[in-house]
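# Coordinate inspection notes
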Amino acid sequence: MPHFAYKGRRGGGELVQGVLEGASAGAVAEMLQGQGVVPLEIQASNPGVAFELTLFKPRVGHIDLLLFSRQIHTLLKAGVPILRALTGLQESAINPAMKAVIKDVRESLEAGRELSVSLARHPKVFSSFYLSMVRVGEATGLLEEIFLRLFEHLEFERFMREQVKSALRYPMFVVIAMAAAIVVINLFVIPAFAKVFKGFGAELPLMTQFLIGFSDFMVANWPWLLLALVGAIAAFRSWVGTAAGRYRWEAMTLRFPIAGKILQKAALARFARSFALGTRSGVPVMQALSNSAQTVDNSYIASRIEGMRDSVERGESVLRAGIATAIFTPVVLQMIAVGEESGALDDMMEEIGQMYQAEVEYELKTLGQQIEPILIVALGILVLILALGVFLPMWDLGKAAFKK
């Protein structure tokens, strides 16, 4: 039987990892559940065993999970039994991958397992946060309400992610367009002017010599430059693919001008909303911190929230743990303090999430106004360099011809 490397968390939030032997990843997930461990990641330890081509295989997307949560809430609220509800969802599912997941969950329930255990057989589809919420619903008998809250949370996550992507799309497009313009000018435009200038036999200005020299370098070495660019992109993707590389890169993105504060506020909005949802549903504070750390979509902030969990586990208050992270503003810390004193921390965290969401929406609306001056200055500098390099020699030659 193949071996699988796993990572998971115990009920108290302790991270565990190791290797287990099992018939499949689902079987290993069941064994971990039986040991009280919530699986976070399960992978074949030997790539040569149970190899599966997944390049063109359909995957379960965020929208599939969103629809599943909403539909199962509606069916359970209408009094439809869980097995019958899953059968209907399986038949109506459009994505083959989601259809297979629902089928496996239904068969696992028919075998006598709990819903949370059945969902845990698919750790890549259902996060530990999702599973924790389902366990709370099973324990309290409010499963349909939990699925509604999960739907609202997933909808909020989708909204924030799409808003951030749309905000960063415009500046990235402009930067790429500027880079492409520089390449075209240096490979095709400046060489044409260089032939004309060299035909005059006159001494060229320093700026023109620099442009021609840089253009000649690109023309002579463009295959190597292209290869270096591809290698740099591949190396960057490989570096970001590692845990340490992703941590450092995502920490750097938070310091980017303009975009950094948007990414940070969006991540903290997701954290505050998920933490409020967990504690309001009866999840212990430490487990709620661990679960919400996995929803922020930023490993740097996630590590800071994990640090909060460790501090709370040592007996410190959420306020003191939040101060130590250095990622919250004084206003937010004051709201956390009021929430702890009044015993309404979940309500205050919900307020914090809404406040961050409103700030992100405002920042996104004014993003164009903030970036426009920077882009205008960059374009102005580029045009100025090209104008000086191309038109100065023409101006000098025109003056010399006029004097003659």
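Once a new chain begins, its residue numbering starts again from 1 and follows that chain's sequence as written. Per-residue local features of the predicted model are confined to residues with pLDDT of at least 70, and side-chain atom pairs are confined, for both listing and counting, to 80 or more; whole-chain, interface and lining totals are unaffected and use all residues. Each side-chain value is worked out from all heavy atoms of the structure, with water and hydrogens disregarded.

On to the packing of aromatic side chains. Each aromatic ring pair is described using two quantities: the centre-to-centre distance and the angle formed by the ring planes. Two aromatic rings, drawn from Phe, Tyr or Trp (for Trp, its six-membered ring), form a pair once their centres lie within 6.5 Å of each other, and the interplanar angle then sorts them: stacked below 30 degrees, edge-to-face above 60, tilted otherwise. On inspection of all chains with the given rule, the structure shows eleven aromatic pairs. Between F236 and W249 the ring centres are 4.9 Å apart and the planes differ by 85 degrees, which places this aromatic pair in the edge-to-face class. Residue F236 is located in helix α8 (residues 206-241), and its partner W249 is located in helix α9 (residues 243-253); the two are separated by 13 residues in the primary sequence. Feature note: the residues F68, F126, Y130 and F147 constitute an aromatic cluster, connected by ring pairs. Each ring is checked for a lysine NZ or an arginine CZ that lies within 6 Å of its centre and within 35 degrees of its normal; such an atom marks a charge sitting over the ring. Its end group placed over the ring of F151, R70 keeps NZ or CZ at 5.0 Å from the ring centre. Here a strand is any run of E in DSSP of at least two residues, a helix any run of H or I of at least four, and the numbering for each starts at the N terminus.

To continue, consider the pattern of salt bridges. Salt bridge, as applied in this entry: a Lys or Arg side-chain nitrogen positioned within 4 Å of an Asp or Glu carboxyl oxygen. For the structure on display, the rule yields 15 salt bridges. When the shortest N-O distance is used, the salt bridge between E250 and R246 registers 3.0 Å. Highlighted residues: E250 and R246, both in helix α9, separated by four residues, approximately one helical turn. Members of the salt-bridge network, linked through shared partners, are K261, K265, E359 and E363.

This paragraph deals with the nonpolar core. Side chains that are nonpolar tend, in soluble globular proteins, to be buried together. Buried Ala, Val, Leu, Ile, Met, Phe, Trp, Tyr and Cys residues form a nonpolar core when they are joined through side-chain atoms within 4.5 Å. Exposure is judged per residue with a 1.4 Å probe applied to protein chains only, and the accessible area is read against the type maximum: over 50% gives exposed, under 20% gives buried, and values in between give partly exposed. Counting 78 residues, the largest nonpolar core has F68, F126, Y130, F147, I301, F328 and M349 as the members making the most contacts within it. In terms of residues, this core owes the most to one element, helix α7 (residues 143-200), which gives twelve residues. Residue contacts for M349: discarding those within four places in its chain leaves F271, A272, F275, A276 and I336. By the convention used here, residues are in contact when the closest approach between their heavy atoms is within 4.5 Å.

Note: α-helices contain 3.6 residues per turn, so residues at a spacing of three or four share the same orientation. Taking 1.5 Å as the rise per residue, α8 with 36 residues should run 52 Å; its terminal C-alpha atoms sit only 44 Å apart, a clear shortfall. A residue's bend is given by the angle between axes fitted to the 7 residues ending at it and the 7 residues starting at it. The principal kink in α8, of about 80 degrees, is found at N221, preceding the proline P223 by one to four residues. Considered for burial, the residues of α8 that qualify are T208, L211, I212, S215 and M218. Here the expected span of a helix is defined as 1.5 Å times the quantity of residues minus one.

This part covers the confidence of the model for the protein chain. Counting all residues, the mean pLDDT for the protein chain is 81, and 90% of those residues have values of 70 or more. Per-residue confidence from the predictor is given as pLDDT, running between 0 and 100. Note on residues 47-55: pLDDT is under 50 here. Beyond four places in sequence and across chains, it has four contacts. Under a pLDDT of 50 for its full length, residues 400-404 has, in the predicted model, zero contacts with residues more than four places off or in other chains.

To continue, consider the packing of helix α11 (residues 285-293) against helix α12 (residues 299-313). Two numbers describe how α11 lies on α12: the axes approach to 9 Å, and their chain directions differ by 170 degrees. Between α11 and α12, the angle falls in the class roughly antiparallel. Together, V285, M286, L289, S290, S292 and A293 of α11 and A302, I305, E306, M308, R309, V312 and E313 of α12 make up the contact between the two elements. Orientation is described by lines fitted to C-alpha atoms, with helices fitted over the stretch in contact, and by angles between N-to-C directions that extend from 0 to 180 degrees. Convention used here: angles under 35 degrees read as roughly parallel, angles over 145 as roughly antiparallel, angles from 65 to 115 as roughly perpendicular, and any remaining angle as oblique.

This part takes up the environment of I42. Secondary-structure assignment places I42 in strand β3 (residues 37-44). In the structure, I42 is positioned 80 residues away from H122 in sequence and 9.4 Å away in space, judged by C-alpha atoms. The residues contacting I42, other than those within four sequence positions of it, are F4, A5, Y6, A25, V28, A29, L32 and P123.

It is at 9 Å that the axes of helix α3 (residues 82-92) and helix α4 (residues 96-110) come closest, and there the two elements cross at 160 degrees. By the angle class used here, α3 and α4 are roughly antiparallel. The crossing of α3 and α4 is left-handed. Seen from α3, the contacting residues are I82, L83, L86, T87, L89, Q90 and E91; seen from α4, they are K99, I102, K103, V105, R106, L109 and E110. Under the convention adopted here, Pro, Cys and the residues Ala, Val, Leu, Ile, Met, Phe, Trp and Tyr are nonpolar, Asp, Glu, Lys and Arg are charged, and Gly plus all remaining residues are polar. In terms of residue class, the contact of α3 with α4 is made up of seven nonpolar, two polar and five charged. Each helix crossing is assigned a hand: it is left-handed if the near helix lies turned anticlockwise from the far helix by less than a right angle, otherwise right-handed if that turn is clockwise.

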